[in-house]
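Topology and contacts: notes
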Amino acid sequence: MTTITIQVPSKARQKLSEVVKELGGEIISMSTDKHSAKKAKLLNEIRQGLKEVKDIEEGKAKFYSMSDLFDGE
């Protein structure tokens, strides 16, 4: 699955939630204040990072060392 963080007007919140659920998705976090939105964004980024680590461990993604990144290999 893919995680998407978006901002929508309050009046679109319910309809968008219904569409996501109809498509088989899941609402992970929903907030109306900036602090909660930043927290949700950070948690999603951590989740994505952990998924990338898992993919590397399972051989689904390539591991890059610091020398690979700086040498351009």
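Coordinates for the structure precede this section.
Residues numbered from 1 in each chain as written. Predicted model: local features only at pLDDT ≥ 70, side-chain atom pairs only at ≥ 80, totals over all residues. Heavy atoms only, no water.

Within the protein, the regular secondary structure consists of three helices and zero strands. Ordered by position in the sequence, the α and β elements of the protein form the string α-α-α. Relative to the compact-globule value of 11 Å for 73 residues, the protein shows a C-alpha radius of gyration of 17 Å, a clear excess of over 25%. Taking the principal axes of its C-alpha atoms as reference, the protein extends roughly 50 × 25 × 15 Å. Here the protein holds 73 residues, and the buried ones make up 5% of them. As displayed, the protein offers around 6800 Å² of accessible surface, 56% of which is attributable to carbon and sulfur atoms. (Helix = DSSP H or I, 4+ residues; strand = E, 2+ residues; numbered from the N terminus. Rg over C-alpha atoms; globule rule 2.2 N^0.38 Å. Buried < 20%, exposed > 50% of the residue type's maximum accessible area, 1.4 Å probe, protein only. Areas by Shrake-Rupley, 256 points an atom, 1.4 Å probe, with all protein chains shown as cover.)

What follows covers the layout of surface pockets. Within this model, the largest pocket holds a volume of roughly 1100 Å³. Taken together, 31 residues line the largest pocket, and the ones lying closest to its centre are I4, T5, I6, S29 and M30. Where the lining of the largest pocket is concerned, the elements lending two or more residues are α1 (13-22) and α2 (34-57). Looking at which element gives the most residues to the lining of the largest pocket, the answer is α2, with six residues. Here the residues of the lining of the largest pocket are counted per class, giving 14 nonpolar, 11 polar and six charged. (1 Å grid on protein atoms, 1.4 Å probe; cavity = no way out; pocket = protein on both sides within 12 Å on 5 of 7 lines; lining within 4 Å. Points joined across faces, edges and corners; volume = space filled by probe spheres on them. Nonpolar A, V, L, I, M, F, W, Y, C, P; charged D, E, K, R; others polar.)

The next point concerns the pattern of salt bridges. Taken as a whole and assessed by the stated rule, the structure comprises two salt bridges. In this structure, D55 and K51 form a salt bridge, with 2.9 Å as the shortest nitrogen-oxygen distance. In this pair, D55 and K51 are both assigned in helix α2, four residues apart and thus about one turn of the helix distant. (Salt bridge = Lys/Arg side-chain N within 4 Å of Asp/Glu carboxyl O.)

Within the secondary structure layout, S17 lies in helix α1. Among the residues examined, S17 registers a relative accessible area of 9% and is labelled buried. Setting aside its immediate chain neighbours within four residues, S17 contacts I27 and M30. (Contact = heavy atoms within 4.5 Å.)

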